[in-house]
Amino acid sequence: MVNIAILGYGTVGSGVFDVLGQNSETVERQAGQPVKVKRVFVRRDYPSSEADPYMTRDIDDIMNDGDIRVIVEAMGGLESAYAYAKRGLSLRKHIVTSNKELVADYGAELLALARDNGVNFLFEASVGGGVPLIAPIVRNLLFDKILYIEGILNGTSNYILTEMSVGGKGFAEALREAQTSGYAESDPAADVEGLDACRKLSILLSLASGCRAVWTDIETQGIARLTEADFLCAKSLGYNIKLIAGARLSGSSAEAYVAPRLVPYGHPLYSADGVYNSVLLGAKAVGNVMFYGRGAGKYPTASAVVSDVIEAARKINENTGIYWSSETLDILPPTRAERRMIRAERGEEFEAVAARLWPGAPRVSIKHCQRETAWLTEAEDSSAVREKLAALEETSPGTRILSAISIIGT
Ligand code: HSE
């Protein structure tokens, strides 16, 4: 029998309790022994909950209990989660977490501590929600040289973009729905500003490179500035808009970004809608691989956590060797030339000036924004496009650049 404790009984913690209870037989078969929740650490009462008999407000009930071999950290936040993870690992307890902040900030240190203590620090649920992503990468792909990672890593922002694009909803209404569905972070700014996707990308980059990818080194832009007009113009030109987290690895460095991107019809990420996450990954021997599934929500996330609990139970006396060093990976913004959709409010002589700067560029106007035009550029690097935009505003007085969104993979 493996006794476990769950820290936190919010969306993820209660989901883990339910999924373990509902699947106890298959969990036992896979783990090779019964897995039992012995304690649930909470900071308030949940009187009518099935987990009530296991609840404690004293962390020492868990840390000092030698029978508890696996701790599921489902509290979120950073300070307590870090302190408890560190203490648990030092006491030779396996730690399973869905906490992206914890893994992104302290992954190298906690993995090393787990290794030193012959236990595991497991975090399948920290990236991609219910999508099995970390395990296949570690088990099947890491021996190969990972060349790129590109995908949708935040369910909340993808839900909002989908609702704005196909559901015709406003940003605030779509965000409220994502919060009600249990997708959003307690402070949804992390979702809409791209920080959550950025932390997840840094975790994948750390795994892929074997070095610590510092998430604050990744140039990050969220979705809050996108407007209905951006979606309408993108659609007229055959594109969807997605928040993409992307990285290209070469040698000891990587070019990485998180930003809205135009995704052309037919691209593998075009139809990943709603709360779904989708990740494309390229490695030398295998070529392109794609992962797809629910990226947030109570039960998808709990499913990923439970898969790690089973892994910990199977390897109860063994460290599985997942590791990245504390050496920092060099991260640069993308330097490649990119095609873009630019949208502007037209000033004097706009047509003539724009035609001179971007000859032959396909243009669209949308009905309810009579004074605006959007057009697609050829591939240009960011300094070239900045110069042209400045020239446009200067030589066409009254022209105002409203947005410039790159096309994925150009
Ligand atoms: N807020 C996160 C998301 C939860 O929407 O993707 C899952 O990590």
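Here the structure is a predicted model, which is why all the values come from computation and not from measurement.

**Describing the site of the ligand**
Around the ligand, the structure places Lys100, Asn154, Gly155, Thr156, Tyr183, Ala184, Glu185, Asp191, Asp196, Lys200, Gly295 and Ala296. Contact distances for the ligand include 2.8 Å between an oxygen atom and a backbone N or O atom of Gly155. Contact between the ligand and Tyr183: a nitrogen atom at 2.7 Å from a main-chain N or O atom of the residue. In the complex, the protein chains occlude 92% of the 260 Å² of accessible area that the ligand would expose alone. Secondary structure elements with two or more residues in the shell around the ligand: helix 7 (155-165) and helix 10 (195-209).

**A short note on the pairing of strand 12 (residues 287-294)**
In this sheet, strand 12 lies alongside strand 11 (residues 276-283) in antiparallel orientation, the contact comprising eight bridges. The residue of strand 12 that forms the bridge with Val279 is Phe291. The antiparallel pairing of strand 11 with strand 12 creates a hairpin that spans three residues between the two strands.

**A closer look at the domain arrangement of the protein**
Under the domain assignment, the protein is made up of domain 1 (2-130 + 299-314), domain 2 (134-294) and domain 3 (340-406). Each of domain 1 and domain 3 has a C-alpha centre, and the two are 52 Å apart.

**A look at the pairing of strand 11**
Most of strand 11 is tucked away: seven of the eight residues are buried. In terms of strand pairing, strand 7 (residues 146-152) meets strand 11 through six bridges, oriented antiparallel. Considered in strand 11, the bridge of Gly151 is made with Val279.

**Description of the packing of helix 13 (residues 350-357) against helix 14 (residues 382-395)**
Between helix 13 and helix 14, the shortest axis-to-axis distance is 10 Å and the interhelical angle comes to 155 degrees. Compared by their axis directions, helix 13 and helix 14 come out roughly antiparallel. You can see that helix 13 and helix 14 cross each other, and the crossing is right-handed. Only Lys388, Ala391, Leu392 and Thr395 of helix 14 make contact with helix 13, whose side of the interface consists of Phe350, Val353, Ala354 and Leu357. Its residues assigned to classes, the contact of helix 13 with helix 14 comprises six nonpolar, one polar and one charged.

Conventions used here
- Residues numbered from 1 in each chain as written.
- Predicted model: local features only at pLDDT ≥ 70, side-chain atom pairs only at ≥ 80, totals over all residues.
- Heavy atoms only, no water.
- Near = heavy atom within 4 Å.
- Polar contact = N/O pair within 3.5 Å; in protein donor to acceptor, adjacent residues only side chain to side chain.
- Areas by Shrake-Rupley, 256 points an atom, 1.4 Å probe, with all protein chains shown as cover.
- Helix = DSSP H or I, 4+ residues; strand = E, 2+ residues; numbered from the N terminus.
- Pairing = 2+ DSSP bridges.
- Domains from an automatic or database assignment.
- Buried < 20%, exposed > 50% of the residue type's maximum accessible area, 1.4 Å probe, protein only.
- Axes fitted to C-alpha atoms, helices over the stretch in contact; angles between N-to-C directions.
- Parallel < 35°, antiparallel > 145°, perpendicular 65-115°, else oblique.
- Left-handed = near helix turned anticlockwise from the far one by under 90°.
- Contact = heavy atoms within 4.5 Å.
- Nonpolar A, V, L, I, M, F, W, Y, C, P; charged D, E, K, R; others polar.

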